[in-house]
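Residue-level listing of the chains:
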Amino acid sequence: MPRAGRQTVLSIRNVRKSFGGVHAVNDLSLEIKEGEFVALLGPNGAGKTTLLEMIEGLQTPDSGSIEICGLNYAQHERQIRQIMGLAFQETRFPEKIRVAEALRLFAAFYGASPARTVEILDLVSLAEKKNAYVNTLSGGQRQRLALGIAIIQKPKVLLLDEPTTGLDPHARRELWQILSDLKRAGMTLLLTTHYMEEAEELCERIVIQFRGRILADGALEDLLE
Ligand code: ATP
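Given the structure is predicted, the values throughout are model-derived calculations rather than measurements.

1. Observations concerning the overall build of the chain
When its secondary structure is counted, the chain shows 8 helices and 9 strands. Taking 2.2 N^0.38 as the reference for a compact globule, 225 residues should give roughly 17 Å; the C-alpha atoms of the chain span a radius of gyration of 17 Å, in line with that estimate. When the 225 residues of the chain are sorted by exposure, 48% land in the buried category. Put simply, 70% of the contacts in the chain that link residues at least 6 apart link residues at least 24 apart. Total accessible area on the chain is roughly 11,100 Å²; 50% of this is exposed by carbon and sulfur atoms. Here the chain carries 27 positive and 29 negative side-chain charges, and the mean point of each set is 5 Å from the other.

2. Section: the layout of surface pockets
Of the pockets and cavities examined, the largest pocket occupies roughly 350 Å³. Every residue lining the largest pocket is counted, 20 residues in all, and those nearest its centre are L86, F88, T91, F106 and I149. Contributing elements (two or more residues each) for the lining of the largest pocket: β5 (84–87), α3 (99–110) and α5 (139–150). By residue number, the principal contributor to the lining of the largest pocket is α3, which donates 5 residues. Residue composition of the lining of the largest pocket, by class: 15 nonpolar, 2 polar and 3 charged.

3. Overview of the packing of α3 against α5
Following both chains from N to C, one finds α3 and α5 inclined at 25 degrees, their axes separated by 9 Å at the closest point. When the interaxial angle is binned, α3 and α5 end up roughly parallel. Remark: the crossing between α3 and α5 carries right-handed chirality. Residues V99, L103 and F106 of α3 form the contact with α5, whose participating residues are L145, G148 and I149. For the contact of α3 with α5, a count of residues per class yields 5 nonpolar, 1 polar and no charged.

4. Some thoughts on unusual backbone geometry
Working note: non-glycine residues mostly have negative phi, and peptide bonds are mostly trans. Even without a glycine there, the phi angle at C69 is positive, about 50 degrees. Within the secondary structure, C69 is located in the loop between β4 (63–68) and α2 (73–83). A relative accessible area of 17% places C69 in the buried class.

5. Let's talk about the side chain of T188
Here T188 lies in strand β7 (residues 188–192). Residue T188 is classed as buried on the basis of its relative accessible area of 1%. At 2.8 Å, the side chain of T188 forms a polar contact with the backbone nitrogen of G35. Sequence-distant contacts of T188, defined by excluding residues within four places in its chain, comprise V9, I32, K33, E34, G35, E36, F37, K156, V157 and L158.

6. Some points on helix α4 (residues 114–123)
All of the buried residues in α4 are R116, T117, I120 and L121. Across the axial projection of α4, the buried residues extend over an arc of 145 degrees, all falling on one side. Within α4, the exposed residues directed more than 90 degrees away from the buried face are A115, V118 and D122. Its buried side turned inward, α4 meets α3 and α5. Where α4 ends, the next residue or the one after it, S125, has phi of about 55 degrees, a positive value.

7. Here we look at the environment of P169
Its location among the elements puts P169 in helix α6 (residues 169–184). Look at P169 and you get exposed, because its relative accessible area is 60%. Once the C-alpha coordinates of P169 and L103 are considered, the two residues, 66 residues apart in sequence, prove to be 26 Å apart.

Reading the values: rules and limits
- Residues numbered from 1 in each chain as written.
- Predicted model: local features only at pLDDT ≥ 70, side-chain atom pairs only at ≥ 80, totals over all residues.
- Heavy atoms only, no water.
- Helix = DSSP H or I, 4+ residues; strand = E, 2+ residues; numbered from the N terminus.
- Rg over C-alpha atoms; globule rule 2.2 N^0.38 Å.
- Buried < 20%, exposed > 50% of the residue type's maximum accessible area, 1.4 Å probe, protein only.
- Contact = heavy atoms within 4.5 Å.
- Areas by Shrake-Rupley, 256 points an atom, 1.4 Å probe, with all protein chains shown as cover.
- Lys, Arg positive; Asp, Glu negative; His and termini not counted.
- Charge placed at Lys NZ, Arg CZ, Asp CG, Glu CD.
- 1 Å grid on protein atoms, 1.4 Å probe; cavity = no way out; pocket = protein on both sides within 12 Å on 5 of 7 lines; lining within 4 Å.
- Points joined across faces, edges and corners; volume = space filled by probe spheres on them.
- Nonpolar A, V, L, I, M, F, W, Y, C, P; charged D, E, K, R; others polar.
- Axes fitted to C-alpha atoms, helices over the stretch in contact; angles between N-to-C directions.
- Parallel < 35°, antiparallel > 145°, perpendicular 65-115°, else oblique.
- Left-handed = near helix turned anticlockwise from the far one by under 90°.
- Polar contact = N/O pair within 3.5 Å; in protein donor to acceptor, adjacent residues only side chain to side chain.
- Arc of directions from axis to C-beta.

Rendered as structure tokens:
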């Protein structure tokens, strides 16, 4: 459950989003505190991506409110972009761009220093690949690059949509290791996943979404009971 005494990073109140007659997100409320690692699980069609996209500002709720560190998209989109890091299920990069170039591009976009690029290459273990074309990377390396881009502006909160889907167990573990390091450094994380093992390994809090609502929310041991 949310820890007392910490800043609320994400506050979702009574959010609804429908498509035609489908209530993808149905009067859902959720609060995430600084430093929490939260996994969002649920069957296909439960509304996880719709919820995540509203938190990311890619979709607008029909009703209800979403605040990130007390900020909302209507008034503070620029500030939110600085404190929120995003990585999608699949990241498409331009064909002819090298790893370090891609990082420099995003660093410039966010106003981060070029030195941050070097730091990120180390953080996501891609220093040896800095001159490789992005389209020659393995699935795991691409996901590590996407994660590196997501954290380039030193965000407070990270949103990851199925970050390790399709990766082999070794590549999955490598990504988990980086996320664990970020956790120790104080990051807040919300991720969707279909792997219970991933939720268990990384997250002290598991939220189960079903038909647009939250069915369960707590530590794994509590949920198993
Ligand atoms: P998955 O695990 O398969 O990614 P999910 O939990 O992320 O599923 P959503 O993709 O959020 O679920 O979809 C929730 C419901 O809303 C589904 O019934 C889906 O068909 C519907 N839906 C989502 N986006 C749209 C859209 N743009 N237009 C119409 N219906 C949509």
